[in-house]
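Residues per chain, in single letters:
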Protein chains: 2
Amino acid sequence: MEMTERKKRILRAIVESYIATAEPVGSKAVAQLAGLDVSSATIRNEMADLTEMGLLEQPHTSAGRIPSATGYRLYVNELMGEHQLSMQETQRINDALEMKIEELDRVIDRAGKVLSKISDYPVFSMTEVKDIVTVRRYDLLMVEENAFIAVVMTDTSVVKNKIIRIPDGLSEPQLQMLSTILNSSFTGLSREQMAQALEKMADHSTPGAFRLISMVVEFAIEVLGELRRQTVHTAGITQLLEHPEYKSLDKAKPLMRFLSDDETAQLPIPFDGSQNMNILIGPENVNEAFRDTSVVMASYDIGDNMRGVIGVVGPTRMDYAKVTARLSYFADSLTRMFGKGELPPPASKDDFEA
Amino acid sequence: MEMTERKKRILRAIVESYIATAEPVGSKAVAQLAGLDVSSATIRNEMADLTEMGLLEQPHTSAGRIPSATGYRLYVNELMGEHQLSMQETQRINDALEMKIEELDRVIDRAGKVLSKISDYPVFSMTEVKDIVTVRRYDLLMVEENAFIAVVMTDTSVVKNKIIRIPDGLSEPQLQMLSTILNSSFTGLSREQMAQALEKMADHSTPGAFRLISMVVEFAIEVLGELRRQTVHTAGITQLLEHPEYKSLDKAKPLMRFLSDDETAQLPIPFDGSQNMNILIGPENVNEAFRDTSVVMASYDIGDNMRGVIGVVGPTRMDYAKVTARLSYFADSLTRMFGKGELPPPASKDDFEA
DNA sequence: TTTAGCACTCGGGGAAACGGAGTGCTAAAC
DNA sequence: GTTTAGCACTCCGTTTCCCCGAGTGCTAAA
C-alpha cells in the first residue's frame, strides 16, 4: 500500500488534532480538519488503510484513531510544519536567559527551569566534558597568619578557590615557594598524574611542606573531578501531571520517580551527537519508564571543551513542532551565551568557608 | 469536660493508628490498641466525648474517628513519645551529610534532597542573612595581557572570584594600584554605600581606571546581593504522591504547584525564631495550599551570620514523632557541620568563565 | 459506670442498564 | 474504480441501583 498525498494529509490532521485534544479522532472530525472535500465514509476507508500500515491505532473498536509511534515518527520526519516562534516567545526566552553571574552548574539548573516553564513539560539537562581538563595555574593569597586562599585555574578557564587553614602559620616567602612548586610540578596533568606526582613527592620533601602541597593539590584534583563529573539536573517534574495521559497516577509515578532520581541514576538517555536535535518517540526509548513517553533533546556547546544536552520529556502526544522550535532556539541561545557571546557569559563565581 | 488520663490514652492510640494506616479508627480497634481493659462500648462513649471536645472527627456517621487538627496539636504537645533514632538512621544521616567541598547554595540543596529521602516527604529549605555583609578584601591576579581574576572576600569569609577581561591590557603596577584603591575605598561598606562611593569616584578619576574599578566593585555588589538574597530550595516534591491523602490529584496538585514554584514565590512560611523546632498543623498554616498539610521546620546556624531553615511538608497525618526526631538531629548536624565543626565544612569553591 | 445488644446510617463496590460515538460493511451513485 | 449514504453492531464511560459491612448511638441490664 502506498502513501498517497491524501493519506498524509489525513495522518497529519489526526496527529495534530490528537496533540491538541488528547481525544481519539473520528472520521467525521478528520473530514473537516483535513480540508479534503470528501465524505467521512471515504476518510474511514483511508483510515482503515493507515491503521493497516501501522501508522494509526484504535484504542478499541468503536473509538476514533490515535497515532502510533511510527505515525508520530512519520509526522515528525515529513509532515510537521516549521513552528515559528513569535516575537514574544523569543523575547521571553532571551529575558529568561539573562542571568546574573552564576556558576556553571547553577546556570544549567536555571536554564532547565526556564525551559520547563516555557515548554510546559519536565526538562532534564546534563553536561559532559569532551577532553581531559588540567590545571593551568595556581595562585595563593595570604589571608591571615594561619590561612590562605588557593586559587586554581584550569586550561578551560574555570577558576575555583578554597580557603586553606594551616595551624602552624606561614610566611610570605614560604607561600611564594609553595606557589612555585605547585606551578612547576602540578600543572598540565591529569588527575591520575597529579596523584602520582604527589605520591612521588612525598618521599623527598619535608613533612610540613608536603602537607601544604597535598592540601592544595587535593583540592585541585577535586575541582577537576567535579568538572568531569557528568551532572544531571531535572526541573518541572510536576508539570507531567498537567497532561491528561498522566492523570492516572499509575502512569505518572514510575516516570516521576525516575526523573526525581537525579544525581543517583545517571539518566541513561543516549544522545546521538551527530545531530543537534534528537527525538525519541515512545518505544524508541530503551528505558522502561519512557515507553509511553517522548523525549526531545538538543545539545549546545559550553566553551570549547564541554557540551551540554538539554531535553524535554512529555507524552508521545507532544506538540513536536512547538517543542522542537523552542528547544532549538533555546539551545542556540545557550551556545551563544556560553560562547564569546553577545549574551553575558556565566561569569566566574564564588565560594564559601564558614 | 475534662481531659482524663484514659481519654489521653485513647486519643494517642487513635492518632498513632491513624498515622500508621491512614484509615479511620473504630472503637473496637482502639479497645485493643490503647491497652485499656475495657469494652468497645466504653471506648465509644469516650470517643464521643473526644469528638465533642473537638479532638476527633468523623468522616461520616458510620466510620471510625480520625484526629482533628487540635487533636494532632495535643498529641504533638503532650502525648507524643520521644522517637529514638536507631544507629542506622544516625549513620545514614551522617553519611549523607559527608559532603565534598561545595558551595553553600549547593550544600543546602543537597541537604534538602537527603532529608527528603530520609523522611519520605518533600522538603524545603531556605537561608537568610542575619546582618549586613561587607567586603573585607580584594585580590587581583593577572592572568594574561588582557584579563585578570578578581577575588573578593567578605567579612563572613565567603570568597568569590571572577575573570575580568580588559580590551586595553594592563601592567602589573597598574593592577597593584587598582588593588590598593579597591582595598582602601571599597571595603567594609554596604551595597548602597559602595554604589555611592563608586558614583562619587566617577568624577575625579580617569575614565580608564574608573571602568576597571567599577567592574570589580559591581561584581562585589553582586556577590553581596547574592549572599543576602533569601533562597528557597525544594526537594522530593514527588514524594507527596506516595501518601494516600494525595492520591487524588486534585489534592496533590495545588500543593505541588506551590512547592515547585521555588525561586519565584518565596515560601511565605513564617518561622518562629524563638524556638528551634516549629510545627504547623493543617489549618494552623496561613497559606491556602497548606490547609490539609503539616509542616515541621527546624533552624540551624551557618557560621555566625547566617541562619538556615529546613522543613518537612506532609499530610496532617504525619509521623510527627519520627519526623521531629530526624529533623532535629539533622539540623544539629548541619549546625555542627557549618560550625568550626568536626564534619568537614562546606569549603570554598569555584567559578567559571567561558 | 460499664457492658451487651440492637437498630440504624452511610459509604464503597459490584452488577446491570443506558446512551452515544464511531466503526465496518454493503449497496447504490457517480 | 471511487465515493457516498445507510445501517447494524461494538464497546466504552456513565449512571443507577442494590447490597454489604463496619461502626455508631442508644437503651436497658449488670
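Rules behind the numbers
- Residues numbered from 1 in each chain as written.
- Chains lettered and ligands numbered in written order.
- Predicted model: local features only at pLDDT ≥ 70, side-chain atom pairs only at ≥ 80, totals over all residues.
- Heavy atoms only, no water.
- Helix = DSSP H or I, 4+ residues; strand = E, 2+ residues; numbered from the N terminus.
- Rg over C-alpha atoms; globule rule 2.2 N^0.38 Å.
- Buried < 20%, exposed > 50% of the residue type's maximum accessible area, 1.4 Å probe, protein only.
- Contact = heavy atoms within 4.5 Å.
- Near = heavy atom within 4 Å.
- Polar contact = N/O pair within 3.5 Å; in protein donor to acceptor, adjacent residues only side chain to side chain.
- Nonpolar A, V, L, I, M, F, W, Y, C, P; charged D, E, K, R; others polar.
- Pairing = 2+ DSSP bridges.
- Axes fitted to C-alpha atoms, helices over the stretch in contact; angles between N-to-C directions.
- Domains from an automatic or database assignment.
- Core = buried A, V, L, I, M, F, W, Y, C linked by side-chain atoms within 4.5 Å.
- Parallel < 35°, antiparallel > 145°, perpendicular 65-115°, else oblique.
- Phe/Tyr/Trp six-rings, centres within 6.5 Å; stacked < 30°, edge-to-face > 60°.
- Salt bridge = Lys/Arg side-chain N within 4 Å of Asp/Glu carboxyl O.
- Arc of directions from axis to C-beta.

### Describing the overall build of chain A
So, step 1. Secondary structure summary: chain A contains eleven helices and ten strands in total.
So, step 2. Taken over C-alpha atoms, the radius of gyration comes to 27 Å for chain A, far larger than the 20 Å a tight globule of 354 residues would show.
So, step 3. Taken along the three principal axes of its C-alpha coordinates, chain A extends 90 × 40 × 35 Å.
So, step 4. By the burial criterion, 54% of the 354 residues in chain A qualify as buried.
So, step 5. For chain A, restricting intrachain contacts to residue pairs at least 6 apart in sequence, the fraction spanning at least 24 positions comes to 61%.

### Let's talk about the side chain of Thr127 of chain B
Residues and elements named next belong to chain B.
So, step 1. Mapped onto the secondary structure, Thr127 falls in strand β3 (residues 123-129).
So, step 2. Looking at Thr127, the relative accessible area reads 6%, which means it is buried.
So, step 3. Aside from chain neighbours lying at most four places away, what touches Thr127 is Ile108, Gln230, Thr231, Ile302, Met306, Arg307 and Gly308.

### Considerations on the protein's contact with DNA strand C
So, step 1. In the vicinity of DNA strand C there are 20 residues, among which Ser27 of chain A together with Ser39, Thr42, Thr61 and Ser62 of chain B approach most closely.
So, step 2. Within 4 Å of the protein, atoms of DNA strand C come from sugar and phosphate in 77% of cases.
So, step 3. At a separation of 3.1 Å, a base nitrogen of DNA strand C approaches a polar side-chain atom of Arg44 of chain A.
So, step 4. Within the contact set of DNA strand C, a phosphate oxygen lies 2.9 Å away from a backbone nitrogen or oxygen of Ser39 of chain B.
So, step 5. Of all the secondary-structure elements, those providing two or more residues to the surface near DNA strand C are α3 (40-52) of chain A together with α3 (40-52) of chain B.
So, step 6. Sort the elements by how many residues they give to the surface near DNA strand C and α3 of chain B lands first, with four residues.

### Considering the protein's contact with DNA strand D
So, step 1. Close to DNA strand D lie 20 residues; Ser39, Thr42, Thr61 and Ser62 of chain A together with Ser27 of chain B are nearest.
So, step 2. Restricting the count to atoms of DNA strand D within 4 Å of the protein gives a sugar and phosphate share of 79%.
So, step 3. Measuring from a phosphate oxygen of DNA strand D, one finds a side-chain N or O atom of Arg6 of chain A at 3.1 Å.
So, step 4. Backbone polar atom of Ser39 of chain A to a phosphate oxygen of DNA strand D: 2.7 Å apart, as the coordinates give it.
So, step 5. Listed by contribution, the elements that provide at least two residues to the surface near DNA strand D are α3 of chain A together with α3 of chain B.
So, step 6. With four residues, α3 of chain A is the largest single contributor of residues to the surface near DNA strand D.
So, step 7. Residue classes in the surface near DNA strand D are distributed as four nonpolar, twelve polar and four charged.

### Looking at the sheet that holds strand β9 (residues 293-302) of chain B
Residue and element names in this part refer to chain B.
So, step 1. A sheet is described by the order of its strands in space; here five strands give the open sequence β7-β3-β10-β9-β8, paired in antiparallel fashion. The open sheet has two edge strands with one neighbour each: β7 (232-235) and β8 (277-280). Averaged over all pairs of adjacent strands, the angle between their axes in this sheet comes to 20°, without regard to strand direction.
So, step 2. Taken together, the four bridges between β3 and β7 define a ladder with antiparallel strand orientation. Along β7, the bridge assignment pairs Val123 with Ala235.
So, step 3. Docked against the sheet, helix α11 (residues 320-338) engages β8, β9 and β10 (306-315), running at close to 20° with respect to β9.

### Digging into the domain arrangement of chain A
So, step 1. Split by domain assignment, chain A resolves into domain 1 (5-79), domain 2 (87-128 + 230-351) and domain 3 (135-226).
So, step 2. One C-alpha centre belongs to domain 1 of chain A, the other to domain 3 of chain A; they are set 66 Å apart.

### Remarks on the environment of Ser294 of chain B
All names here are of chain B.
So, step 1. As for its position among the elements, Ser294 is in strand β9.
So, step 2. Judged by its relative accessible area of 0%, Ser294 is buried.
So, step 3. For the pair formed by Ser294 and Val312, sequence separation is 18 residues and the distance between their alpha carbons is 8.2 Å.
So, step 4. Setting aside residues no more than four positions away along its own chain, Ser294 makes contact with Leu280, Ile281, Gly282, Asn285, Val312, Val313, Gly314, Pro315, Thr316, Met318 and Tyr320.

### Focus: the nonpolar core
So, step 1. Tyr138, Phe148, Leu182, Met194, Tyr320 and Phe330 of chain B are the most contacted members of the largest nonpolar core, which totals 87 residues.
So, step 2. Excluding anything up to four places from it in sequence, Met194 of chain B contacts Val135, Tyr138, Phe186, Leu189, Val217, Ala220, Ile221 and Leu224 of chain B.

### Some words on the packing of helix α1 (residues 5-21) of chain A against α3 of chain A
In helix packing, the relevant descriptors are the interaxial angle and the interaxial distance, both defined with respect to the helix axes.
Residues and elements named next belong to chain A.
So, step 1. Contact geometry for α1 and α3: axes closest at 10 Å, N-to-C directions at 85°. Judged on the interaxial angle alone, α3 and α1 are roughly perpendicular. Across from Arg6, Lys7, Ile10, Leu11 and Ile14 in α1, the residues of α3 making contact are Thr42, Ile43, Glu46, Met47, Asp49 and Leu50.
So, step 2. Among the residues forming the contact of α1 with α3, the class breakdown is six nonpolar, one polar and four charged.

### Observations regarding the sheet that holds strand β5 (residues 147-154) of chain A
Residues and elements named next belong to chain A.
So, step 1. If you walk across this open sheet you meet the three strands as β4-β5-β6, and the pairing is antiparallel. Only two strands of the sheet have a single neighbouring strand rather than two, namely β4 (135-144) and β6 (159-165). Here the average twist between neighbouring strands, direction ignored, is 20°.
So, step 2. Sitting on the sheet, helix α9 (residues 207-228) is in contact with β4, β5 and β6, with an inclination near 40° to β5.

### Some points on the packing of aromatic side chains
Residue and element names in this part refer to chain B.
So, step 1. In this structure the tally under the stated criterion is six aromatic pairs over all chains.
So, step 2. Ring geometry for Phe258 versus Phe290: centroids 5.3 Å apart, planes at 85°, classification edge-to-face. Placement of Phe258 in helix α10 (residues 249-260) and of Phe290 in the loop between β8 and β9 is noted, with a sequence separation of 32 residues between them. The two residues Phe258 and Phe290 agree in class, both being buried.

### Looking at the pattern of salt bridges
So, step 1. In this structure the tally under the stated criterion is 24 salt bridges over all chains.
So, step 2. The partner of Glu242 of chain B in a salt bridge is Lys253 of chain A, and the shortest N-O contact between them spans 4.0 Å. You can see Glu242 of chain B sitting in the loop between β7 and α10 and its partner Lys253 of chain A sitting in helix α10 (residues 249-260), one on each of two chains.
So, step 3. We note a salt bridge from Lys8 of chain B to Glu78 of chain B, for which the minimum N-O separation is 3.3 Å. One end of the pair, Lys8 of chain B, is in helix α1 (residues 5-21); the other, Glu78 of chain B, is in helix α4 (residues 69-79), and 70 residues separate them in sequence.
So, step 4. In the salt-bridge network here, residues are joined through shared partners; they are Arg6, Lys7, Glu46 and Asp49 of chain A.

### Regarding helix α5 (residues 87-97) of chain A
All names here are of chain A.
So, step 1. For α5, the complete set of buried residues consists of Glu89, Thr90, Ile93 and Leu97. Seen along its axis, α5 keeps its buried residues to an arc of 95°; they face one direction. Those residues of α5 that are exposed and aimed more than 90 degrees away from the buried face are Met87 and Gln88.
So, step 2. Where α5 is buried, its residues contact α6 (104-119) and α11 (320-338).

### Considering the packing of α1 of chain B against α4 of chain B
Residue and element names in this part refer to chain B.
So, step 1. At a closest axis distance of 10 Å, the pairing of α1 and α4 adopts a crossing angle of 110°. What the angle tells us is that α1 and α4 run roughly perpendicular. Side by side, α1 and α4 meet where Lys8, Leu11, Arg12, Val15, Glu16, Tyr18 and Ile19 of the first sit next to Gly71, Tyr72, Leu74, Tyr75, Glu78 and Leu79 of the second.

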